[in-house]
Amino acid sequence: MPTLQRASLLTALRAIQLTSGYLRPNAVAEVAERCGVSESYAYGVASFYSLLDLEPKGRFVVRVCDSVSCHLGGSNAILEQANAVLGIRAGETTADGMFTIETVSCLGACGAGPAAMVNDRLYTRLDAGKFAALLDALKAGCVPSADGELSWETARSLGDARLIGDPSLNATLPDLAPEEILSAVEMAGLRGRGGAAFPVSRKWRLCAEAPGDVKYIICNADEGEPGTFKDRYLLTEHADLVIGGMALAARAVGASKGYIYLRGEYTDAEDAIRQYLGGTDGCPLDIEIALGAGAYVCGEETALLESIEGRRGVPRLRPPYPPVSGVFGCPTIINNVETFANVPLIIANGPQWYAEAGTTESPGTKLFSVSGDVTRPGIIEAPFGTPLLDVLKEAGAVELKAALVGGASGRIVPPEDFGRRLCYGGLSPGAGAIIAIGKDRSLRDLATNLMTFFEHESCGECAPCRIGTARAREILAGEQASKEGLSAALQSLGETLANVSRCGLGQTAPGALFDMLRLFPEEFEG
Ligand code: SF4
């Protein structure tokens, strides 16, 4: 029996799940032994990730997305229909062992919701008729072909396009010296696209200067922010750009090993990426795909490192920062998919070309994932500095109460502020999710949905986040009374979450709620 490294634990557990349907106790024990960890450690890891099952499930596991965009699209009605037809609620399995119904935080199909996965197949734009036909086919033992209509053909741009369409990358990367790459990225003013907007060249220089013979490049492709699906577009349509960017980063900092940490649900993207691995001439990088297993918090870079190392995805305390001490204690670059995709275009066309679009502080363009109450959802590329209103109009939004910019961890923008420009230093776009909220929507209902998401995705390491998200959700849902009044109780809980939580998940969880309480207090009375 071959022995494995601890870092292989998650991969090994996923493999068992794939072949056996769930993680039988004897299989977990065997994997634990092979990876040189205790059985309790392996259980600790297995129980952390929502795509790993420690109990048997139905032959067909129907995972209905209930994140914010699918919620606006009618996911509750799909769940009620499943309940009526199958006689089970979310989390339950039919007596004959055919069906399990579950809710899932986000499937990355926000522009084509409501969406559901059956085992590993994605179904989008569900309505009563389509879902009934799907259940009928499953009852007959037939799993219809996935119809993941993710509308990539409707991806479009406002103004200068950089990433939409057919950005051609010469498969042979130019043979540039590290300093030439670093200077080009610096002159272009490229900033990280994962939400934090950290200057890319500064991060790369830190890593380049860090001592150590072994350095890593990691592409954060764990796109889990509700409302965000632009990385899925880039990975399926332009994986060559992403891998090319990683290769250039490797040359700039002297790395030879890379990981693409990919959401476990993005099976389509995995297929696309594999076509390019090893196919870029001059690529100095040995790239491995590390599949996630359903944990939003692993989008946080240090939680991602833990996951790659075969641990529960609990964020690390910083410093040290990854460019100095990242995966396996080695200097590591972690950038978002869109960040890497821009690099080959900067190198090929020059930093001046890149910076012609956008603003001085935010050069270039940004991909926005637009969903919610719009008639033309999808990916829209626009230069930084484009007013939010222009993006909303392009997506066919009318009569909105507000927009949620930046996804679940983003902020609520009222119509009077739709003229604000999307850029760092202006209206920060976060990772690029824009969710339109129609004028008749209940913001309390939306806030409950968001807090349910954070409660589910909290890693549980620190009490303010673990307990605070649950209490906020209970108060919003009317399950728990508060003496001080609804708004005051939510405000107080939110401040604790924002100020005392250990990582960005808890710190940003109440952001949209604060805005709703301030801008629409009448919806939170009583
Ligand atoms: Fe975990 Fe939440 Fe604490 Fe972050 S803030 S470490 S997600 S419990």
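Residues numbered from 1 in each chain as written. Predicted model: local features only at pLDDT ≥ 70, side-chain atom pairs only at ≥ 80, totals over all residues. Heavy atoms only, no water.

Caption draft 1: How the structure looks around the packing of helix 7 (residues 178–188) against helix 8 (residues 200–209). In contact at an axis separation of 8 Å, helix 7 and helix 8 are set at 155° when each is read in the N-to-C sense. Put simply, helix 7 runs roughly antiparallel to helix 8. Viewed along their axes, helix 7 and helix 8 form a crossing whose handedness is left-handed. Of helix 8, the residues touching helix 7 (which contributes E179, I181, L182, S183, V185 and E186) are V200, S201, W204 and R205. Residues that form the contact of helix 7 with helix 8 fall into these classes: five nonpolar, two polar and three charged. (Axes fitted to C-alpha atoms, helices over the stretch in contact; angles between N-to-C directions. Helix = DSSP H or I, 4+ residues; strand = E, 2+ residues; numbered from the N terminus. Parallel < 35°, antiparallel > 145°, perpendicular 65-115°, else oblique. Left-handed = near helix turned anticlockwise from the far one by under 90°. Contact = heavy atoms within 4.5 Å. Nonpolar A, V, L, I, M, F, W, Y, C, P; charged D, E, K, R; others polar.)

Caption draft 2: Fine view of the sheet that holds strand 9 (residues 332–336). Read across the open sheet, the four strands follow the order 8-7-6-9; overall the sheet is parallel. Strands at the two margins of the open sheet, each flanked by one partner only, are strand 8 (286–291) and strand 9. The sheet shows a mean angle of 20° between the axes of neighbouring strands, direction not considered. The pairing of strand 7 (residues 257–262) with strand 8 spans six bridges and is parallel. (Pairing = 2+ DSSP bridges.)

Caption draft 3: Highlighting the pattern of salt bridges. Per the stated rule, a full pass over the model turns up 32 salt bridges. Here K57 ties to E102 by a salt bridge, and the two come within 2.2 Å at their closest N and O atoms. Taken together, the positions of K57 in the loop between helix 3 (39–46) and strand 1 (60–65) and E102 in strand 2 (residues 99–104) put the pair 45 residues apart, joining distant regions of the chain. K57 sits in the partly exposed class, given a relative accessible area of 27%. Owing to a relative accessible area of 13%, E102 belongs among the buried residues under this scheme. (Salt bridge = Lys/Arg side-chain N within 4 Å of Asp/Glu carboxyl O. Buried < 20%, exposed > 50% of the residue type's maximum accessible area, 1.4 Å probe, protein only.)

Caption draft 4: Summary view of the site of the ligand. Residues in contact with the ligand amount to 13 residues; listed here are only the nearest, C459, E461, C462, C465 and C503. Of the residues belonging to the shell around the ligand, the class tally is seven nonpolar, four polar and two charged. (Near = heavy atom within 4 Å.)

Caption draft 5: Layout of the packing of helix 18 (residues 486–500) against helix 20 (residues 511–519). In the contact formed by helix 18 and helix 20, the axes pass within 10 Å of each other and the chain directions differ by 150°. As far as their axial angle goes, helix 20 and helix 18 are roughly antiparallel. As for how helix 18 packs across helix 20, the hand of that crossing is left-handed. Only L513, F514 and L517 of helix 20 make contact with helix 18, whose side of the interface consists of S487, L490, Q491, G494, E495 and A498. Of the residues contributing to the contact of helix 18 with helix 20, the split by class is five nonpolar, three polar and one charged.

Caption draft 6: Fine view of the domain arrangement of the protein. Looking at the assigned domains, one finds that the protein contains domain 1 (6–46), domain 2 (60–149), domain 3 (164–349), domain 4 (365–437) and domain 5 (443–523). Computed over C-alpha atoms only, the centres of domain 2 and domain 4 are separated by 28 Å. Roughly 430 Å² is buried in total at the junction of domain 2 and domain 4, and carbon and sulfur atoms are behind 71% of that figure. Linking domain 2 with domain 4 are zero salt bridges. Joining domain 2 to domain 4, the criterion identifies one residue pair in polar contact (both at pLDDT 80 or more). For the side of domain 2 that touches domain 4, the residue count by class is three nonpolar, two polar and no charged. (Domains from an automatic or database assignment. Buried area = accessible area lost by both parts, 1.4 Å probe. Polar contact = N/O pair within 3.5 Å; in protein donor to acceptor, adjacent residues only side chain to side chain.)

Caption draft 7: Representation of the side chain of K203 within the structure. In this fold, K203 is placed in helix 8. No salt bridge is formed by the buried K203; the nearest opposite charge belongs to E301, separated by 4.1 Å. (Lys, Arg positive; Asp, Glu negative; His and termini not counted.)

Caption draft 8: Geometry of the packing of aromatic side chains. Throughout the structure, instances matching the rule amount to eight aromatic pairs. Ring geometry for F453 against F454: centres 5.1 Å apart, planes inclined by 70°, an arrangement best described as edge-to-face. When sorted by exposure, F453 lands in the same class as F454, which is buried. By the ring-pair criterion, three or more aromatic residues cluster together here, those being Y216, Y259 and F328. Sitting over the face of the ring of F198, R202 holds its NZ or CZ atom 5.3 Å from the ring centroid. (Phe/Tyr/Trp six-rings, centres within 6.5 Å; stacked < 30°, edge-to-face > 60°. Lys NZ or Arg CZ within 6 Å of the ring centre and 35° of its normal.)

Caption draft 9: Just unusual backbone geometry, in detail. Put simply, G113 and P114 share a cis peptide bond, and its omega is 0°. One can find P114 in the loop between strand 2 and strand 3 (116–118). Cis peptide bonds are those with omega within 30 degrees of zero, and the linkage from P319 to P320 qualifies with 10°. Note that P320 resides in the loop between helix 12 (301–308) and strand 9. In this structure, A197 takes a positive phi of about 65° despite not being glycine. Here A197 lies in the loop between helix 7 and helix 8.

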